[in-house]
Amino acid sequence: MTWRQFRAQTLVGLGALVLLAVYLVVLGGRIHGAYDDTLAHCAARDACSGPLGALADRYSLQTDLLGYLLLAVPGVIGVFWGAPLIARELEAGTHRLVWNQSVTRTRWLAAKLALVGLLSMATAGVYSLLLTWAAGPVTTVLNNRFEPVNFASRDLAPLGYAAFAFVLGVTLGLVLRRTVPAMAATLVVFTALQIAVPALIRPHYEAPVRTSVPLTADLIGRLTKIGTYGEIGGLRIPGGPWVVDTSPILDSAGKEVGRTAWFQNCMDHSSLSELPTCLAKGDIRVEITEQPADRYWTFQYLETALFAVLTTLLAVLALWRIRKHPV
């Protein structure tokens, strides 16, 4: 019965996913082909900074837009799949027919949560898998997996978001008992969490590491190359960490040099090739508070686990609520 009630939404979602999958396969083939061709014409990876940067610029807009679209998919699932699933039956009164049969309320709701919840996770998972593969070379060049949109639209995290958004919609539909208010509430709550988690919770999964980066000529030369995430005054930090905070640029005596005439002259009047030599004349360094790049997968697991716990709590609440609901 759950399948028969939900098959129309499933077929529509499946059709959209197939079209999107075809586009991602074609786009991914182009990106991977261009990436391999670029590397094939470079004597060494270090000599490829310019061509690889051009490749990333060419495809980054498309991959970013697809990332934003994937951010919206769990919310759409919660609003259009989750919220109406129970609220619509409560509004129409069709739940009374089911509850008077031999199937218990708990089993009825559990079947809906399991079937549609798995479909929701599969939809987000396939999209995430294809986008992660298609945008792989661009992410490798820019080395920016910790950027909020990339982190939330790649690998495991979208599965947790989809499961949570769906169960959130079901629970709010059960509590509010009206379809449209439940859809609106689902959208508001899920959007608020998507904003709050990256800003307030994700930076604290692990204590950040504080390091001092001396801006030597060699390091500054690497800072100006493509392929890193995190910036200090326009200079990029190698390795792709998530820079939580930075101190001002300091000299050997601990005094800020960011606004001195000497530093500004280097930044304003030196070419890219001259900048390392100019800045290296002063013993300058920056204190960086960062989440190291090698914590990416730890953060993915922790965030997915966080949303899995929230999903479980909501499912338990929904199952408890359905038993208390009057006929």
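Visitor: Explain the overall build of the protein chain to me, please; I cannot follow it from the model alone.
Guide: Within the protein chain one finds 12 helices and five strands. Counting every position in the protein chain, which comprises 327 residues, the buried fraction comes to 47%. For the protein chain, the accessible surface area stands at approximately 16200 Å², while carbon and sulfur atoms represent 64% of it.

Visitor: Explain the nonpolar core here, please?
Guide: Nonpolar side chains tend to gather and get buried jointly when the protein is soluble and globular. Grouped together as the largest cluster of nonpolar side chains are 59 residues, with contacts concentrated most on Leu24, Leu109, Tyr127 and Phe166. Of all elements in the fold, only helix 1 (2–40), helix 2 (49–92), helix 4 (105–134), helix 5 (136–142), helix 6 (148–152), helix 7 (157–176), helix 8 (179–201) and helix 12 (296–324) reach the threshold of two or more residues within this core. Once residues lying within four places of it in the same chain are set aside, the contact partners of Tyr127 are Leu17, Leu20, Leu24, Leu66, Leu69, Leu70 and Val73.

Visitor: For this particular structure, what's the right way to read the packing of helix 7 against helix 8?
Guide: For any two helices packed against each other, the geometry comes down to the angle between their axes and how far apart the axes lie. Packing of helix 7 against helix 8 leaves a shortest axis separation of 9 Å and a crossing angle of 140 degrees. Classified by the angle between their axes, helix 7 and helix 8 sit oblique to one another. Between helix 7 and helix 8 the crossing geometry is right-handed. On helix 8, the residues touching Tyr161, Phe164, Ala165, Leu168, Gly169, Leu172, Gly173 and Leu176 of helix 7 are Pro181, Ala182, Ala185, Thr186, Val189, Phe190, Leu193 and Gln194. Residue classes in the contact of helix 7 with helix 8 are distributed as 12 nonpolar, four polar and no charged.

Visitor: I would appreciate a short explanation of the pattern of salt bridges in the present structure.
Guide: A side chain with one charge can pair with a side chain of the opposite charge if their charged atoms come near. Scanning the entire structure with this criterion turns up three salt bridges. Between Arg202 and Glu303 there is a salt bridge whose closest N-O contact spans 2.8 Å. Here Glu303 lies in helix 12 and Arg202 lies in the loop between helix 8 and strand 1 (209–214), a separation of 101 residues in the sequence. Glu206 is the partner of Arg295 in a salt bridge, and the nearest nitrogen-oxygen pair spans 3.3 Å. A residue pair is termed long-range when its members are at least 10 positions apart, and Arg295 in the loop between strand 5 (285–291) and helix 12 and Glu206 in the loop between helix 8 and strand 1 qualify at 89 residues.

Visitor: Mind showing me how you'd approach a nonpolar patch on the surface here?
Guide: A cluster of nonpolar side chains, Leu11, Leu14, Val18, Val22 and Val26, forms an exposed patch at the surface whose accessible area comes to about 450 Å². Tracing the chain through its elements places Leu11 in helix 1. Under the relative-accessibility criterion, Leu11 is labelled exposed at 54%.

Visitor: I would appreciate a short explanation of the packing of helix 4 against helix 12 in the present structure.
Guide: Where helix 4 contacts helix 12, the axes come no closer than 9 Å and their chain directions differ by 145 degrees. Read as a crossing pair, helix 4 and helix 12 show a hand that is right-handed. Listed contacts from helix 12 to Arg105, Thr106, Trp108, Leu109, Ala110 and Leu113 of helix 4 are Ala315, Ala318, Leu319, Ile322, Arg323 and Lys324. Here the residues of the contact of helix 4 with helix 12 sort into eight nonpolar, one polar and three charged.

Visitor: Would you mind showing me how to read the packing of aromatic side chains here?
Guide: A ring pair, where both rings are aromatic, is described by two values, the distance of the centres and the angle of the planes. Applying the stated criterion across every chain, the model contains 10 aromatic pairs. Both rings, one in Phe146 and one in Tyr296, keep their centres 5.9 Å apart while their planes meet at 80 degrees; by these two values the pair is edge-to-face. Remark: Tyr296 occurs in helix 12 and Phe146 occurs in the loop between helix 5 and helix 6; sequence separation between them is 150 residues. Each member of the aromatic cluster is reached from another via a ring pair, and the members are Phe146, Phe151, Tyr205, Tyr296, Trp297, Phe299 and Tyr301. In this structure, Arg145 is placed above the aromatic ring of Tyr296, and the distance from its NZ or CZ to the ring centre is 4.0 Å.

Visitor: I'm lost on the side chain of Arg202 in this one. Help?
Guide: Residue class for Arg202 comes out buried when judged on its relative accessible area of 2%. Within the local environment of Arg202, its side chain forms a polar contact with the side chain of Glu303, the two groups lying 2.8 Å apart. With residues near it in sequence (within four places) discarded, Arg202 still touches Pro148, Phe151, Ala152, Tyr161, Val197, Trp242, Phe299 and Glu303.

Visitor: For this particular structure, what's the right way to read unusual backbone geometry?
Guide: Most of the time, phi is negative for any residue but glycine, and the peptide bond is trans. Phi is positive for Asp155, which is not a glycine, with a value near 60 degrees. With respect to the secondary-structure elements, Asp155 resides in the loop between helix 6 and helix 7. Even without being a glycine, Arg177 presents a positive backbone phi close to 65 degrees. With respect to the secondary-structure elements, Arg177 resides in the loop between helix 7 and helix 8.

Cut-offs used in this document
Residues numbered from 1 in each chain as written. Predicted model: local features only at pLDDT ≥ 70, side-chain atom pairs only at ≥ 80, totals over all residues. Heavy atoms only, no water. Helix = DSSP H or I, 4+ residues; strand = E, 2+ residues; numbered from the N terminus. Buried < 20%, exposed > 50% of the residue type's maximum accessible area, 1.4 Å probe, protein only. Areas by Shrake-Rupley, 256 points an atom, 1.4 Å probe, with all protein chains shown as cover. Core = buried A, V, L, I, M, F, W, Y, C linked by side-chain atoms within 4.5 Å. Contact = heavy atoms within 4.5 Å. Axes fitted to C-alpha atoms, helices over the stretch in contact; angles between N-to-C directions. Parallel < 35°, antiparallel > 145°, perpendicular 65-115°, else oblique. Left-handed = near helix turned anticlockwise from the far one by under 90°. Nonpolar A, V, L, I, M, F, W, Y, C, P; charged D, E, K, R; others polar. Salt bridge = Lys/Arg side-chain N within 4 Å of Asp/Glu carboxyl O. Patch = residues over 30% accessible without salt bridge, like charges linked within 9 Å, V, L, I, M, F, W, Y side chains within 5 Å. Phe/Tyr/Trp six-rings, centres within 6.5 Å; stacked < 30°, edge-to-face > 60°. Lys NZ or Arg CZ within 6 Å of the ring centre and 35° of its normal. Polar contact = N/O pair within 3.5 Å; in protein donor to acceptor, adjacent residues only side chain to side chain.

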